[in-house]
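# Remarks on the overall topology
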Amino acid sequence: MRKFIVICLTVLGLTAVQAAEAPKGQYMQPNNLFPKVRLITSAGIITVELDRIRAPLAVNNFLSYVSIKAYDNTIFHRLEPDFVVQGGGYKQTMAQIEEFKPIFNESGNGLKNQFGSIAMARQNDPHSATSQFFFNLNDNTSLDPGRGWGYTVFGQIQEGFEVLEVIKTMETHTDPVTGWQNVPKQPILLKQVVLLPEA
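Read on for an overview of the structure.

Thresholds, definitions, all that
Residues numbered from 1 in each chain as written. Predicted model: local features only at pLDDT ≥ 70, side-chain atom pairs only at ≥ 80, totals over all residues. Heavy atoms only, no water. Helix = DSSP H or I, 4+ residues; strand = E, 2+ residues; numbered from the N terminus. Buried < 20%, exposed > 50% of the residue type's maximum accessible area, 1.4 Å probe, protein only. Contact = heavy atoms within 4.5 Å. Areas by Shrake-Rupley, 256 points an atom, 1.4 Å probe, with all protein chains shown as cover. Phe/Tyr/Trp six-rings, centres within 6.5 Å; stacked < 30°, edge-to-face > 60°. Lys NZ or Arg CZ within 6 Å of the ring centre and 35° of its normal.

## Here we look at the overall build of the chain
A tally of regular secondary structure across the chain gives four helices and 10 strands. For the chain, the succession of helices and strands along the chain, N to C, is α-α-β-β-α-β-β-β-β-β-α-β-β-β. The buried share of the chain, taken over its 199 residues, is 45%. Here the contacts in the chain between residues at least 6 apart in sequence split such that 67% fall between residues at least 24 apart. With an accessible surface of roughly 10,800 Å², the chain has 55% of that area assigned to carbon and sulfur atoms.

Listed below in structure tokens is the structure:
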């Protein structure tokens, strides 16, 4: 039986390790086009509705990290009060969380980087997004696609806009350990991300 499973994985083009590491988000409420998640932070609770119609890859990727509790007890490591607050990448010790493979950029899906939307963070390579995400603290049209790729929006805050307003008032500094700028002086903890039951 074990040989049969290995053969099947080989036929599918997957090694056992790759299969184990494959994102699981597509199996979480698979028929729910607008799953909701609750982010419990040290600044308050935020409820976000995700959009599987416009950004299926980003939503399933995000839910994959939720499924293994990768976001629990992490921090928002970057804060630019009139721009974005970014998290999903680091523990309180600044140790990086484990990442799945990068996903394809879906920024041309019609969703805008407006106040309260959640989007995938990435490097210069447009298809380099992995675990990190950000909330737009303003209407950031510069992050939408134009002549080039933008940043993929995959959901919108439903409840907890006041939490963003609290975060916008927080002081930042240059972190003495990493040398990074715009790091919240008082850590903003992401204690837990929970997938809410289907309505």
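## Considerations on the environment of Thr-47
For Thr-47, the location among the structural elements is in strand S2 (residues 44–50). The exposure class assigned to Thr-47 is buried, which follows from its relative accessible area of 8%. C-alpha of Thr-47 to C-alpha of Ile-157: the two residues are 110 residues apart in sequence and 5.8 Å apart in space. With sequence-adjacent residues up to four places away left out, Thr-47 is seen in contact with Val-37, Arg-38, Gln-156, Ile-157, Gln-158, Glu-159 and Leu-196.

## Comments concerning unusual backbone geometry
Even without a glycine there, the phi angle at Gln-29 is positive, about 45 degrees. Structurally, Gln-29 is set in the loop between helix H2 (16–21) and strand S1 (36–41). Looking at Gln-29, the relative accessible area reads 13%, which means it is buried. Residue Lys-69 is not a glycine yet carries a positive backbone phi of 60 degrees. Here Lys-69 shows up in the loop between helix H3 (56–67) and strand S3 (74–80). Take Lys-69: its relative accessible area is 53%, and that puts it in the exposed class.

## Some words on the packing of aromatic side chains
Using the criterion set out here, one finds 12 aromatic pairs in the structure. Centroid distance Phe-133 to Phe-135: 6.1 Å. Interplanar angle 85 degrees. Geometry classified as edge-to-face. Across the pair, Phe-135 and Phe-133 agree in class, each one buried. An aromatic cluster is built from Phe-62, Tyr-65, Tyr-71, Phe-76, Phe-100, Phe-133, Phe-135 and Phe-154, whose rings are joined through pairwise contacts. The ring of Tyr-151 has Arg-122 sitting right over it, with the charged end atom 4.0 Å from the ring centre.

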